[in-house]
Amino acid sequence: YLALAIRWGSSNRTSTTHARKYSRYMYSYLKLLLDLYPDTVLTPNQHGALHIADLLLRFGPVPGWWMFPYERLIGKLQKIKTNSKIGSLILIIYKFN
């Protein structure tokens, strides 16, 4: 069910059919997950996934508005050790350009 939900939700085109099938498969996946593992507590991401069908209808295909590549870049930038000296880091970058 999860693979089918992803397929319908991340298509390069969207329609009410895409949104409806995404919702059906995502709900089926989460229901099966809870049936198989009754002690499972759903996460905020799993709850958020239930809202993607509405976003498909409002904003169009997911590849046009998702932010995963940017979030990954922000994560990499946050790991750079600056020792709280952002100004000197900017000067170093400026000198090399």
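Everything below is about the structure shown above.
In what follows, the accompanying structure is described. None of these values were measured; they are calculated from a predicted model.

Reading guide: rules and limits
Residues numbered from 1 in each chain as written. Predicted model: local features only at pLDDT ≥ 70, side-chain atom pairs only at ≥ 80, totals over all residues. Heavy atoms only, no water. Helix = DSSP H or I, 4+ residues; strand = E, 2+ residues; numbered from the N terminus. Buried < 20%, exposed > 50% of the residue type's maximum accessible area, 1.4 Å probe, protein only. Contact = heavy atoms within 4.5 Å. Phe/Tyr/Trp six-rings, centres within 6.5 Å; stacked < 30°, edge-to-face > 60°. Lys NZ or Arg CZ within 6 Å of the ring centre and 35° of its normal.

### Here we look at the environment of L30
Part 1: When you line up the elements, L30 lands in helix α2 (residues 16–36).
Part 2: Look at L30 and you get buried, because its relative accessible area is 4%.
Part 3: In the structure, L30 is positioned 20 residues away from L50 in sequence and 9.5 Å away in space, judged by C-alpha atoms.
Part 4: In contact with L30, other than residues within four places in its own chain, are L42, Q46 and L50.

### Focus on the packing of aromatic side chains
Part 1: This model, assessed by the stated rule, comprises one aromatic pair.
Part 2: Sitting over the face of the ring of W8, R7 holds its NZ or CZ atom 5.1 Å from the ring centroid.

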